Structure formats: structure tokens, C-alpha cells
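Given next are the chains, with one letter for each unit.
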Amino acid sequence: MFNDIGALELVTIVVLAILIFGPDKLPKVIQDVTGVIRKIRAFSDSAKQDIRSELGPEFKDFEFEDLNPKTFLRKQLSENEDLKEIRSTFDLRKELNDVTDAVNSREADPAPAAAGASAAAPAATGPDLLKKPAAPAAEQRTPYDADAT
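Conventions used here
- Residues numbered from 1 in each chain as written.
- Predicted model: local features only at pLDDT ≥ 70, side-chain atom pairs only at ≥ 80, totals over all residues.
- Heavy atoms only, no water.
- Helix = DSSP H or I, 4+ residues; strand = E, 2+ residues; numbered from the N terminus.
- Buried < 20%, exposed > 50% of the residue type's maximum accessible area, 1.4 Å probe, protein only.
- Areas by Shrake-Rupley, 256 points an atom, 1.4 Å probe, with all protein chains shown as cover.
- Contact = heavy atoms within 4.5 Å.
- Salt bridge = Lys/Arg side-chain N within 4 Å of Asp/Glu carboxyl O.
- Expected span 1.5 Å × (residues − 1).

### Topic: the overall build of the protein
And step 1. Looking only at helices and strands, the protein features six helices and zero strands.
And step 2. In sequence order, the secondary structure elements of the protein are arranged as α-α-α-α-α-α.
And step 3. Among the 149 residues that make up the protein, the fraction classed as buried is 6%.
And step 4. When the accessible surface of the protein is totalled, it reaches about 13,800 Å², and 62% of it is carbon and sulfur.

Structure follows, in C-alpha cells:
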């Protein structure tokens, strides 16, 4: 609950509590606060039990923490069998190695092509990624119309 409170903040809270309530009343205030926290926890637990009993036996393993979107997604993704199967069949390293091999073989292809190999050979294996696009046709300027602007 207080994960982000440091030592300086804790000392400041204790000093303020002593200044506000005084050293005589501080133990009584601490007991009252802890009693209220216990009552709130007991009320929360009984409300959770009531909700679980009203939902029925099919929700016996229901946890309210599952209503948190992050927890819900994590649970659904880890329990989904289809997703586990997809993950097991997809190997990212293998895919990256295949792409790297394909790129490296494309870099090796231009030398034989320049030596006189036929131009149809690269087209049979796939598009030539190193081929420069054809120069665009000479652009025609559209006439300037002063009245249109």
C-alpha cells in the first residue's frame, strides 16, 4: 500500500502526528486508526464472500483482482491454448535469419547479373529489390491560371 513512501516522508509523517496529536494522545489515535482499517478489511472480505456466493458455483475461482484490465489480459493470454500453439509455431529468430539470408543472397545476385546473366532469372525468384526504378517521364507543367487562384 505504501510502496513509494521513503524514509524522509515517513519521518515527516511521524513528526507531524506528534505535533498535531501530542505524545499523550498519539497511541490512542494509532489504535483507533488500526481498528478502522481492520473494520474496513473485514467489511470488504464479507462483501467479496457475499458476491461470490450470489454468483454461484461456476464462479467459485473468481478473483476481484481479475477485473483489473492488465491482470485480465495477462490471464487470458497465458491460458489461451490457441495462442500457445501459435507462439510455439512462430520462431522469430528463424524468420529473421530467413530474411537476412534473402537479403544477403540479393546482394550476391547483381554480380552475376552484370556479368551477362539473363534478366529473367531474378524475376523468377521474386522481385528484384536492388533494381533502380525507371526514370520518371519529363514533367509537364500545368498552365498557370491567375483567375483560379
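### Digging into the side chain of Arg 52
And step 1. Positionally, Arg 52 belongs in helix H1 (residues 7–55).
And step 2. For Arg 52, a relative accessible area of 18% translates into the label buried.
And step 3. Leave out the neighbours within four places in its chain, and Arg 52 touches Phe 62, Glu 63 and Phe 64.

### Some points on the pattern of salt bridges
And step 1. Counted according to the given criterion, the structure contains two salt bridges.
And step 2. For Lys 28, the salt bridge goes to Asp 32, with nearest N and O atoms at 3.2 Å. Of this pair, Lys 28 and Asp 32 both sit in helix H1, four residues apart, roughly one helical turn.
And step 3. The closest approach of N and O atoms between Asp 98 and Lys 94, which form a salt bridge, is 3.5 Å. One end of the pair is Asp 98 and the other is Lys 94, both in helix H4 (residues 92–108) and four residues apart, which spans about a single turn.
And step 4. The class of Asp 98 is partly exposed, set by a relative accessible area of 37%.
And step 5. The exposure class of Lys 94 is partly exposed, given its relative accessible area of 47%.

### Regarding H1
And step 1. Between its terminal C-alpha atoms H1 stretches only 44 Å, short of the 72 Å expected from 49 residues at 1.5 Å a residue.
And step 2. Residues of H1 that are buried include every one of Ala 17, Gly 22, Leu 26 and Arg 52, and no others.
And step 3. In the stretch just after H1, Gly 56 is the one whose phi turns positive, near 105°.

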